[in-house]
Each structure stands twice: as structure tokens, then as C-alpha cells.
Amino acid sequence: MPDIEKLPQLAQIFHCSVGSLLGESPASAWVAQAAAGTAEVPSPQLLTEAAPILKPQQVQTLAEKSQQTQKGFDLSTLVQLAPFLGKESLSILFHRLNLADVTYEDISNIAPFADREMMSRLVNAFLQQGGTTSLKQIIDLAPFLARQDLNELILRAQRPDERITIEILTHLSPFTDKERIGQLVNAFLQQGGTASFDE
């Protein structure tokens with residue numbers, strides 16, 4: 001995608017509007033205004049729609065302004081903007097958030113972009129809010145979590161009705177400590193689990 005400052009020139013070359021180049025949508029209308037230098041700070045939703053065609057520095061600047069001046073800039077907004085922000089920008093914006101209503105999906109979606117300290121705060125907020133998850137879901141988060149946070153999630157997620165499988169054990173064991181994996185193995189064996197190594 002070209003720089004948004006070049007969009008008016010491209011539109012002129014193709015004898016169309018900037019909106020036509022980008023497709024008719026509120027985000028493209030805002031980008032056209034931004035290219036003309038007449039855009040206001042976008043709403044969080046508009047920013048998330050426009051972010052893919054903005055430079056990372058523009059996303060960072062607009063996200064900071066939007067967070068300070070617009071209602072609705074929450075964790076789900078930051079999750080959507082994360083692919084377009086650098087780690088430092090993401091961290092700055094994250095630390096200004098009120099971590100209310102943290103969902104497992106938010107944690108999972110931001111994990112590839114967040115640092116361990118952010119992940120720790122999210123996991124703690126999630127658990128303090130009574131969030132629940134399953135051992136199978138935790139597998140996807142394990143590489144992104146500090147061992148202590150992973151152990152706490154495993155402890156809270158372990159339920160008598162959840163079947164512990166070899167898959168769960170093998171995927172979590174590289175990331176957790178011996179004590180926690182030992183507890184999972186014991187639960188696996190108590191459930192009548194067996195492993196076949198014939199293959």
C-alpha cells in the first residue's frame with residue numbers, strides 16, 4: 001500500500017477519488033481526509049479499520065491521540081492495533097489501559113505481540129476477574145507466558161471433568177515446571193490414561 005500522502009496523486013493519475021481507490025467505507029473516507037490534511041483524530045473503531053494502510057508511526061501517533069481523547073479505546077482496540085505497532089508503542093498504550101473485562105481471546109490474540117510483563121498483567125487481571133479456560137486452550141498460550149503465570153493458569157484450569165491427554169502433557173511440559181507437570185501426569189493416570197509408544 002502506498003504512503004497515504006501519495007494517494008491524492010494516485011487518484012489524480014487514475015482520474016478517480018481517493019475513496020474510489022480504497023473502496024467506499026468510513027475508513028477510506030477518513031484516510032482521504034488524512035491525505036488532504038483535514039482529518040480529525042479517528043475513533044478507536046475507525047483507527048483499527050484504517051491501520052492496515054497507515055505507516056506504523058502514524059498508527060502509533062493516532063492511537064496515542066485516540067486513547068487520550070476518544071471513548072472506547074480498550075483492550076480489544078489494542079488487540080486489533082497490535083500488528084501495526086512496535087513493541088514499545090504497544091507497551092506504552094497497554095500501560096494506560098484499564099484492564100477490565102479481560103477475555104481469554106484478548107490474551108490469545110495479543111500474545112504474539114506482547115512482552116512477558118504485559119502477558120503477566122493480562123493473565124493476573126483475567127484470573128482476578130474470575131476468568132476460566134481449559135488446559136487445551138492454554139497450550140496455545142504456553143510459549144508466550146512466564147513459567148509462574150503458566151503454572152497459575154494450569155492450576156486454575158485443571159478441572160475434574162476435563163480429560164487430560166498425552167497431547168496436553170507433551171505440549172505443556174516444555175514450558176512448565178516439574179512439579180506442575182507431575183501433578184498433570186498423576187491426574188492423567190488417575191483418569192485411566194495410558195500412553196502407547198508403538199509408533
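Below: a short report on this structure. Note that the coordinates shown come from a computational prediction; the quantities given were computed from them, not determined experimentally. (Residues numbered from 1 in each chain as written. Predicted model: local features only at pLDDT ≥ 70, side-chain atom pairs only at ≥ 80, totals over all residues. Heavy atoms only, no water.)

### A closer look at the overall build of the protein chain
Each helix and strand counted, the protein chain has 13 helices and 0 strands in total. Relative to its full complement of 199 residues, the protein chain shows a buried share of 41%. Taking contacts inside the protein chain between residues at least 6 apart in sequence as the whole, the part at least 24 apart equals 58%. Carbon and sulfur atoms make up 51% of the accessible area of the protein chain, which amounts to about 11,100 Å² in all. (Helix = DSSP H or I, 4+ residues; strand = E, 2+ residues; numbered from the N terminus. Buried < 20%, exposed > 50% of the residue type's maximum accessible area, 1.4 Å probe, protein only. Contact = heavy atoms within 4.5 Å. Areas by Shrake-Rupley, 256 points an atom, 1.4 Å probe, with all protein chains shown as cover.)

### Things to note about the packing of helix α5 (residues 56-69) against helix α7 (residues 87-95)
Running from N to C, α5 and α7 point in directions that differ by 5°, and their axes come no closer than 11 Å. Comparing the axis directions of α5 and α7 gives the class roughly parallel. Packed against α5, whose contacting residues are Gln60, Ala63, Glu64 and Gln67, the element α7 presents Ser89, Ile92 and Leu93 at the interface. Residues that form the contact of α5 with α7 fall into these classes: 3 nonpolar, 3 polar and 1 charged. (Axes fitted to C-alpha atoms, helices over the stretch in contact; angles between N-to-C directions. Parallel < 35°, antiparallel > 145°, perpendicular 65-115°, else oblique. Nonpolar A, V, L, I, M, F, W, Y, C, P; charged D, E, K, R; others polar.)

### So, the side chain of Thr133
Along the chain, Thr133 falls in the loop between α9 (116-128) and α10 (135-141). A residue is classified by how much of its surface remains accessible, and Thr133, at 6% relative accessible area, is buried. Of the polar contacts made by the side chain of Thr133, one reaches the side chain of Gln137; its length is 2.5 Å. Ignoring any residue separated from it by four or fewer positions in sequence, one finds Thr133 in contact with Tyr104, Ile138, Leu153, Ala157 and Arg159. (Polar contact = N/O pair within 3.5 Å; in protein donor to acceptor, adjacent residues only side chain to side chain.)

### Section: the nonpolar core
Ranked by size, the top nonpolar core spans 55 residues in total, and within it Leu78, Ile110, Met119, Leu122, Leu135 and Leu172 carry the most contacts. Take this core: its biggest share by element is 7 residues, from α9. Setting aside anything within four residues of it in sequence, one finds Leu172 in contact with Leu135, Ile138, Ile139, Ala142, Leu150, Ile154, Ile181 and Leu184. (Core = buried A, V, L, I, M, F, W, Y, C linked by side-chain atoms within 4.5 Å.)

### With respect to the pattern of salt bridges
Per the stated rule, a full pass over the model turns up 2 salt bridges. With its nearest N and O atoms 2.5 Å apart, the salt bridge here joins Glu167 to Lys136. A residue pair is termed long-range when its members are at least 10 positions apart, and Glu167 in helix α12 (residues 166-172) and Lys136 in helix α10 qualify at 31 residues. Lys136 sits in the partly exposed class, given a relative accessible area of 46%. (Salt bridge = Lys/Arg side-chain N within 4 Å of Asp/Glu carboxyl O.)

### Here we look at α9
A rise of 1.5 Å per residue sets the reference length of α9, with its 13 residues, at 18 Å; its end C-alpha atoms lie 18 Å apart and thus fit the reference within 8%. Taken as a whole, α9 has its buried residues at Met118, Met119, Leu122, Val123, Ala125, Phe126 and Leu127. Tucked into the core, α9 has its buried residues touching α6 (75-81), α7, α8 (104-110), α10 and α11 (147-157). Phi turns positive, to about 85°, at Gly130, one or two residues after α9. (Expected span 1.5 Å × (residues − 1).)

### Let's talk about the packing of α7 against α9
It is at 11 Å that the axes of α7 and α9 come closest, and there the two elements cross at 30°. If you check the angle between α7 and α9, you find them roughly parallel. Between α7 and α9 the crossing geometry is left-handed. Taken together, the residues of α9 that come into contact with α7 (itself represented by Leu90, Ser91, Phe94 and His95) are Glu117, Met118, Arg121 and Leu122. Residues of the contact of α7 with α9, tallied by class, amount to 4 nonpolar, 2 polar and 2 charged. (Left-handed = near helix turned anticlockwise from the far one by under 90°.)

Read these as layout, nothing more, since geometry by itself doesn't imply function.
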